[in-house]
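Below, each chain spelled out in residue letters.
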Amino acid sequence: MDKSSALEYINQMFPTEASLSGVEPLMQKIQTEIRRVDASILAAVRQQSNSGTKAKEELAAATSAVQELMLKIKEIKTKAEQSETMVQEICRDIKKLDCAKKHITTTITALHRLTMLVSAVEQLQVMAAKRQYKEAAAQLEAVNQLCSHFEAYRDVPKITELRDKFKNIKKILKSHVFSDFSSLGTGKETEEPNLLQQLSDACLVVDALEPSVREELVKNFCNKELTSYRQIFEGAELAKLDKTERRYAWIRRRLKTNEEIWKIFPQTWHVDYLLCIQFCKLTRTQLVDILNNLKEKPDVGTLLLALQRTLEFEEELASKFGAGTEKSRSKESTNDDEEIEEDDEANDRKRIAEIRNRYQKKDASTEPDAKAQMEKDKQKDLGVPGAGFNFRGIISSCFEAHMTVYVELEEKTLMESLEKLVQEETWETDEGSQTNILSSSMQVFLIIRRSLKRCSALTQSQTLFKMLEVFQRILKAYANKLYNRLPKGGTGIVAAATGTDGQIKTSDRDERMICYIVNTAEYCHKTSGELAENVSNMIDPQFVDKVDMSEVQDEFSAVITKALITLVNGVETKFDAEMLAMTRVPWASLESVGDQSEYVNGINSILSTSIPVLGSLLSPTYFQFFLDKLAASLGPRFSQNIYKCKSISETGAQQMLLDTQAVKTILLEIPALGKQTTVATSYSKFVSREMSKAEALLKVILSPVDSVANTYRALLPEGTLSDFQRILELKGLKKTDQQTILEDFNKHFTTATNIRHPSMVPSVALPPAATTALSSAPASAVVASISSASSAPATAFASALTTPLSAYSREDVLTRAAALGRGAATTGFKRFLALTEAAKDKKDGPFRKLFNS
């Protein structure tokens, strides 16, 4: 307990003086408790001392027991060694007897097997002499097994003699078997009924001999079967390309006729399979010679018919000896049958279409080099059917190098179809169409798809790649057709004389047609990429990296760009009459500012007619591109058209400024006319920037003569001296007055050029507050500020610039408008102009409500 707790405890025990009488008993009680605790501690110490002594005694006893155990273990180990020595001495004689027994048993077994071997070899010799093939086959197996037991006794003379004798017997059997098989196919099998059975037994002997014997026998048999084939089809009469089908008919008849006879061969030999492989190799070699020896290009019909029959034969072999691909093939054939029902090609194309009906693309790539193919197939000749060897392409690949005539015919047919489609094109979409693309584009890709199907059924190698190049040329030609269909500008002497050289005039139908061309080119761009992807999936791997349709896509992209530029130029040409009307307005003699001018209404009418149609036909991306180009063209043209006007008075400039704002509003509302839900912010900023240049030009014209140079440098810092001189002419200044202003402007212009400053800070002769305000105030307030500087004190001008324009009330606007109608003072109207400039962007402001009512 801490001190404070002890004190509290004492105070609690003895709260009063009367309670102090209990101190003495309490002390006695505490002393008694102390003595009791001391006694307990002493007893515990004594007990601990006794426990330590006992533990030492127990440890010593355990150590003694361990030592005694070690002695006993050592004694047991010594007795075990003695026992092992005694056992070895007892069994020493028994081990010798065991080895002797083993050697005697081995000797007896070897002698017994030797006897069996000698007897078996003698019996085999007799069987070979009598041509007892069935018994000899079983005996061969027995002798082979017995010989395997004497591999370790090769150096023994008797064993060597028996092995040599066995080899001679096998040679005799081989010669007898080969001699008997030589009579197969000569007609003896019908004269001697037992011959087939004898040959069937001979096959058992061949199986018992080395594998090379079977290979040699089968090879000799196949060569013998194909001897007549060589003689027949190497002759001048049948060694022709148009006789290819008869080759396959010959092997079919041969297989069918000898089917029963060839049952003498075991099924594991696959004689018919190996015969077909040899037939295919020989046929390929002969066809290569025929194709290489042609003096002229082969006839396309004959070439394709031969290739078709070859593909049919290869597919037949693949189905017969393949690994179960028939179901997938039949399914692909069914799909192709449905597609061919829609194909109404010319009669000379039907043979090619039949190939596509029955067979789809081949499963494996073919080697263009015949020798490489032969080397590759050598390792597969004796394989099990369907285990690796592929009949597809074994013969047909030799046609690959001679398919140029087919490619040329396809290209000619496609080009003629393209010309026909373009001639029949109405350049309008079908009623109710949702795609807004020309029907000829879909037809072009339809005929390309059909051609691709035909070609992929024939080959997936070099010819297919050449066909891809043909497709590229066809699509480029179609892109050129679309490009040439776009409206062209006027050319020649008449166009130059009338000032329409290079101008593109478009009707409403032309604008729709241009939109259709844009959509069609976009469709072709996308579908060309899909075509390249499809070709990549079916062409041989070595050509995949070469499949590229980027050039074709670039052609259609160029068509899209040209079409949109043409559309912009065509719409812009419609503004020619309105721009001419703008220059013919008597701006110098206008008495008052009224509603927007007629040429503005004409611009609005043109856009209101064209834009909704264009917006509904073009995609949002291309419509936005069109808007950007239109704004980039119309904005600068409007500004330049101001320079073409004659003298402009202050009232004329004020009216023109009002018209400029109206044109700007019309341009900003174009996306809404085109029913575009979203408008790019950049478009609004671009329109505002371009039209602000025209507004700045008009504000310079409105500025007082003595400050026009400074205003020009402030609002048009990139303006040239010739533009400034034209502004002075528009203001109606005389030549002498212009000269003074130009000299002063030229001094500042030269100084700014020498110091390479991009723009001169205006040093207008205005109060300091006005100078500060000009650098930060919006362009719409500059006119009012400059005009106020010429007649108002500096404080009043600064107040006018710093007062928020939105603070003016509707009554103030109406009052100033009424004063304008009665011919108000110039300074009053300029203040009103500044007020309207601030309110022009407010759709619900008093200025807009005033003129909309």
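Whatever comes next refers back to the structure up there.
In this report, the structure presented in the accompanying data block is examined. (Residues numbered from 1 in each chain as written. Predicted model: local features only at pLDDT ≥ 70, side-chain atom pairs only at ≥ 80, totals over all residues. Heavy atoms only, no water.)

### Brief notes about the overall build of the protein
Alright, step 1. Summing up its helical and strand segments, the protein has 35 helices and zero strands in all.
Alright, step 2. The buried share of the protein, reckoned over its 853 residues, is 41%.
Alright, step 3. Relative to all contacts within the protein whose residues are 6 or more apart in sequence, the contacts with residues 24 or more apart total 78%.
Alright, step 4. Of the roughly 47,200 Å² that the protein leaves accessible, carbon and sulfur atoms contribute 53%. (Helix = DSSP H or I, 4+ residues; strand = E, 2+ residues; numbered from the N terminus. Buried < 20%, exposed > 50% of the residue type's maximum accessible area, 1.4 Å probe, protein only. Contact = heavy atoms within 4.5 Å. Areas by Shrake-Rupley, 256 points an atom, 1.4 Å probe, with all protein chains shown as cover.)

### So, the packing of helix 22 (residues 598-617) against helix 24 (residues 650-668)
Alright, step 1. Between helix 22 and helix 24, whose axes approach to 10 Å, the crossing angle comes to 5 degrees. Considering their axes alone, helix 22 and helix 24 lie roughly parallel with respect to each other. Residues Tyr 599, Val 600, Ile 603, Asn 604 and Leu 607 of helix 22 lie in contact with helix 24, whose contacting residues are Met 656, Asp 659, Ala 662, Val 663, Ile 666 and Leu 667.
Alright, step 2. In the contact of helix 22 with helix 24, the residues fall into nine nonpolar, one polar and one charged. (Axes fitted to C-alpha atoms, helices over the stretch in contact; angles between N-to-C directions. Parallel < 35°, antiparallel > 145°, perpendicular 65-115°, else oblique. Nonpolar A, V, L, I, M, F, W, Y, C, P; charged D, E, K, R; others polar.)

### Re helix 22
Alright, step 1. The end-to-end C-alpha separation of helix 22 is 29 Å, in line with the 28 Å expected for 20 residues at 1.5 Å each.
Alright, step 2. Considering bend angle alone, the principal kink of helix 22 is centred on Ile 611 and spans about 25 degrees; proline Pro 612 follows within four residues of it.
Alright, step 3. Buried within helix 22 we find Tyr 599, Val 600, Gly 602, Ile 603, Ile 606, Leu 607, Ser 610, Ile 611, Leu 614, Gly 615 and Leu 617. (Expected span 1.5 Å × (residues − 1). Bend = angle between axes of the 7 residues up to and from the residue.)

### Some thoughts on unusual backbone geometry
Alright, step 1. Phi is positive for Arg 131, close to 60 degrees, though the residue is something other than glycine.
Alright, step 2. Summarising the element assignment, Arg 131 is placed in the loop between helix 2 (23-130) and helix 3 (133-148).
Alright, step 3. Judged by relative accessible area, Arg 131 falls into the partly exposed class, the value being 30%.
Alright, step 4. Although it is not a glycine, Trp 427 adopts a positive phi angle of roughly 60 degrees.
Alright, step 5. Among the structural elements, Trp 427 can be located in the loop between helix 14 (404-424) and helix 15 (439-458).

### Considering the environment of Leu 452
Alright, step 1. Looking at the element boundaries, Leu 452 is found in helix 15.
Alright, step 2. In this structure, the C-alpha to C-alpha distance between Leu 452 and Leu 531, residues 79 residues apart in sequence, is 9.4 Å.
Alright, step 3. In this structure, Leu 452 is in contact with Leu 464, Phe 471, Leu 531, Val 535 and Met 538, ignoring residues within four places of it in sequence.

### Focus: the packing of helix 4 (residues 157-182) against helix 7 (residues 211-233)
Alright, step 1. Axis separation between helix 4 and helix 7 bottoms out at 11 Å; the angle between their running directions is 20 degrees. Between helix 4 and helix 7, the angle falls in the class roughly parallel. Helix 4 and helix 7 meet at a crossing whose hand is right-handed. Facing Lys 174, Val 177, Phe 178, Phe 181 and Ser 182 of helix 4, the residues of helix 7 in contact are Val 213, Glu 216, Leu 217, Asn 220 and Lys 224.
Alright, step 2. Grouping the amino acids of the contact of helix 4 with helix 7 by side-chain chemistry returns five nonpolar, two polar and three charged. (Left-handed = near helix turned anticlockwise from the far one by under 90°.)

### A word on the side chain of Thr 527
Alright, step 1. Along the chain, the position of Thr 527 falls in helix 18 (residues 508-538).
Alright, step 2. Judged by its relative accessible area of 14%, Thr 527 is buried.

### Examining the pattern of salt bridges
Pairing of side chains with opposite charge becomes possible as their charged atoms draw close.
Alright, step 1. Tallied over the full model, the rule gives 22 salt bridges.
Alright, step 2. Its salt-bridge partner being Arg 254, residue Glu 225 comes within 2.7 Å of it at the nearest N-O pair. Taken as a pair, Glu 225 in helix 7 and Arg 254 in helix 8 (residues 244-257) lie far apart in primary sequence, 29 residues in all.
Alright, step 3. Residue classification places Arg 254 among the partly exposed residues on the basis of a relative accessible area of 28%.
Alright, step 4. With its nearest N and O atoms 3.4 Å apart, the salt bridge here joins Lys 574 to Asp 508. Placement of the pair is Lys 574 in the loop between helix 20 (550-573) and helix 21 (576-584) and Asp 508 in helix 18, with a sequence separation of 66 residues.
Alright, step 5. By relative accessible area, which is 23% here, Lys 574 ends up partly exposed. (Salt bridge = Lys/Arg side-chain N within 4 Å of Asp/Glu carboxyl O.)

### Things to note about the environment of Ile 517
Alright, step 1. By the element assignment, Ile 517 lies in helix 18.
Alright, step 2. Spatially, the C-alpha atom of Ile 517 lies 7.3 Å from that of Leu 438, the residues being 79 residues apart in sequence.
Alright, step 3. Excluding residues within four positions of it along the chain, Ile 517 makes contact with Trp 427, Leu 438, Leu 482, Arg 485, Leu 486, Val 559 and Ala 563.

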